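# A closer look at the structure
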Amino acid sequence: MARKYVLIPAAGSGSRMGGELPKQYLPLLGKPLIHHTLSVFCAHPSIERVFVVIGPDDCHWQSDWPGEVLRCGGATRAASVLNGLLHMAASEDDWVLVHDAARPCMTRELLDRLLDALEDDPVGGLLAVPVADTLKREGGAGRIDRTEPRAGLWRAQTPQMFRYGLLRTALKAMGTELPTDEAQAVEFLGHAPRLVPGDDRNLKVTYPADLRMAELILKEIWKEIT
Ligand code: CTP
Ligand code: MG
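Let me begin by describing the structure that accompanies this report. Fair warning: this is a prediction, and the values are worked out from it, not measured in the lab. (Residues numbered from 1 in each chain as written. Chains lettered and ligands numbered in written order. Predicted model: local features only at pLDDT ≥ 70, side-chain atom pairs only at ≥ 80, totals over all residues. Heavy atoms only, no water.)

### Looking at the overall build of the chain
Applicable threshold: Numbering of helices and strands runs from the N terminus; a helix is a DSSP stretch of H or I covering at least four residues, while a strand is a stretch of E covering at least two. The size measure is the radius of gyration over C-alpha atoms, and the globule rule it meets is 2.2 Å times the number of residues to the 0.38 power. The contact definition used throughout considers only heavy atoms, calling two residues in contact when any of these lie within 4.5 Å. Computed by Shrake-Rupley with a 1.4 Å probe, the accessible areas treat only the displayed protein chains as cover when residues are assessed. In this tally, Asp and Glu contribute negative charge and Lys and Arg positive charge; neither His nor the terminal groups of the chain are included. Where a charge lies is defined by one atom per residue type: Lys uses NZ, Arg uses CZ, Asp uses CG and Glu uses CD.
Per the secondary structure count, the chain includes six helices and eleven strands. Relative to the 2.2 N^0.38 estimate, which gives 17 Å for 226 residues, the radius of gyration of the chain is 18 Å and therefore close to what a compact globule would have. Referenced to the eigenvectors of the C-alpha coordinate spread, the extents of the chain come out at roughly 50 × 40 × 40 Å. Counted over contacts in the chain with a minimum sequence separation of 6, partners at least 24 positions apart contribute 69%. Summed over all atoms, the accessible surface of the chain reaches about 11,400 Å², with 51% contributed by carbon and sulfur. Side chains of the chain give 26 positive and 30 negative charges; the mean places of these two sets differ by 3 Å.

As structure tokens, then:
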């Protein structure tokens, strides 16, 4: 049976967050943000191993933290993911779930939903949320050119779950400068990844204000599960 692995790209510098410490290491409710991210995957019985890709010169990761660290982060997220795939041992048909270190509010419920939806899928897929807001195309100088139809548009989240062999081939084929997520590389090979309804609470911490939001969401999640 295909095994399930998790690969967490955590080699970014968090430039939009600002500050010295990369956002994955910032304190969130008493522990480094990435510990929240790791906990849901490390606790799931179907997940075989959890790999974390950090930069070769990362001096923040501590050896007793959960997960198996790979010091092979690259210049882009896609490069970090591809390097991680090349450094972990897996069979072609094994599943790899790629999840941003910067999404600490992932839940067991969402993970089960993704695993259930994709267990027998020929391609794989990702968590995503339908676009709710009206979309405006700027024409320049901060003024609207036109309103874009939002029907059929989704916002991609992570985890993104693909077969090890397909994902490695896709990222190699597209080149690591281009894809902003794994699905885009798989689409590039002509496949149609499945959209699995995610949750707005699975936010990616990007700007300083997102930290406070993540704190509130985590508190709410903890209340729900206790
Ligand atoms: N990431 C990575 N290697 C890179 C760039 C990003 O592993 N070269 C990781 C980040 O650590 C993060 C995830 O990919 O967990 C999503 O990327 P993003 O939110 O863009 O994080 P950063 O690139 O660190 O932030 P910014 O774009 O603001 O600099
Ligand atoms: Mg980035």
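### Some thoughts on the site of ligand 1
What counts, and what does not: We call a residue near a molecule or strand as soon as one heavy atom of that residue lies within 4 Å of the molecule or strand. Polar contacts, as used here, are pairs of N or O atoms within 3.5 Å; protein pairs need one atom able to donate a hydrogen and one able to accept it. Residues neighboring in sequence count only if both atoms are side-chain atoms. A pocket, in this scheme, is an open set of points on a 1 Å grid over the protein atoms alone with protein on both sides within 12 Å along at least 5 of 7 lines, while a cavity is a set where a 1.4 Å probe fits but cannot get out; residues line either one if an atom lies within 4 Å of a point. Assignment to a cavity or pocket requires that more than half of a molecule's atoms be within 2 Å of the site's grid points. Note on residue categories: nonpolar means Ala, Val, Leu, Ile, Met, Phe, Trp, Tyr, Cys or Pro, charged means Asp, Glu, Lys or Arg, and polar means any other residue, Gly included.
Near ligand 1 lie 19 residues; those nearest to it are Gly14, Ser15, Lys23, Ser80 and Lys204. Ala75 places a polar main-chain atom, nitrogen or oxygen, 3.4 Å from a nitrogen atom of ligand 1. Lys204 places a polar side-chain atom, nitrogen or oxygen, 2.7 Å from an oxygen atom of ligand 1. In the complex, the protein chains occlude 88% of the 570 Å² of accessible area that ligand 1 would expose alone. Applying the majority rule of atoms within 2 Å of the grid points places ligand 1 in the largest pocket. Tallied by class, the residues present in the shell around ligand 1 amount to six nonpolar, eight polar and five charged.

### With respect to the sheet that holds strand E1 (residues 4–9)
Here is the rule we go by: Strands pair, by our definition, only if DSSP identifies at least two bridges between them. All axes here are fitted lines through C-alpha atoms, helices being fitted over the stretch that makes contact, and every angle between N-to-C directions spans 0 to 180 degrees.
Across the sheet, which stays open at both edges, the seven strands sit in the order E5-E4-E1-E6-E10-E7-E11 with mixed pairing between neighbours. At either end of the open sheet lies a strand with only one pairing partner, and these are strand E5 (68–70) and strand E11 (194–197). In this sheet, adjacent strand axes meet at a mean angle of 30° when their direction is disregarded. Both strand E7 (residues 124–130) and strand E10 (residues 154–163) contribute to a ladder of six bridges, which runs antiparallel. Bridge assignment links Leu126 to a residue of E10, and that residue is Gln160. Sheet strands in contact with helix H3 (residues 108–118) are E1, strand E6 (95–98), E7, E10 and E11, and its direction is about 145° off that of E11. Docked against the sheet, helix H4 (residues 164–174) engages E6 and E10, running at close to 120° with respect to E10.

### Description of the layout of surface pockets
If you roll a probe as big as a water molecule over the atoms, it shows you where there is empty space left. Rule in force here: Grid points are joined across faces, edges and corners, and a volume is the space filled by probe spheres set on the points.
Taken as a whole, the largest pocket holds about 610 Å³ of empty space. Counting residues per element, the ones that place at least two in the lining of the largest pocket are helix H2 (77–87) and E10. Broken down by element, the lining of the largest pocket gets its largest block of residues, four residues, from E10. Considering only residue class, the lining of the largest pocket consists of seven nonpolar, twelve polar and seven charged. If you add up the space inside the second largest pocket, you get close to 310 Å³. In this structure, the second largest pocket is lined by 17 residues; those nearest its centre are Met106, Thr107, Arg108, Ile221 and Ile225. If you list the elements that add at least two residues to the lining of the second largest pocket, you get helix H1 (33–42), H3 and helix H6 (208–225). No other element matches the five residues that H6 contributes to the lining of the second largest pocket.

### Side note on H6
Our working rule: Under the convention used throughout, the expected extent of a helix is 1.5 Å for every residue step, that is, one less than its residue count.
The terminal C-alpha atoms of H6, which comprises 18 residues, lie 27 Å apart, in line with the 26 Å expected from a rise of 1.5 Å per residue. Residues of H6 that are buried make contact with strand E2 (27–28) and H1.

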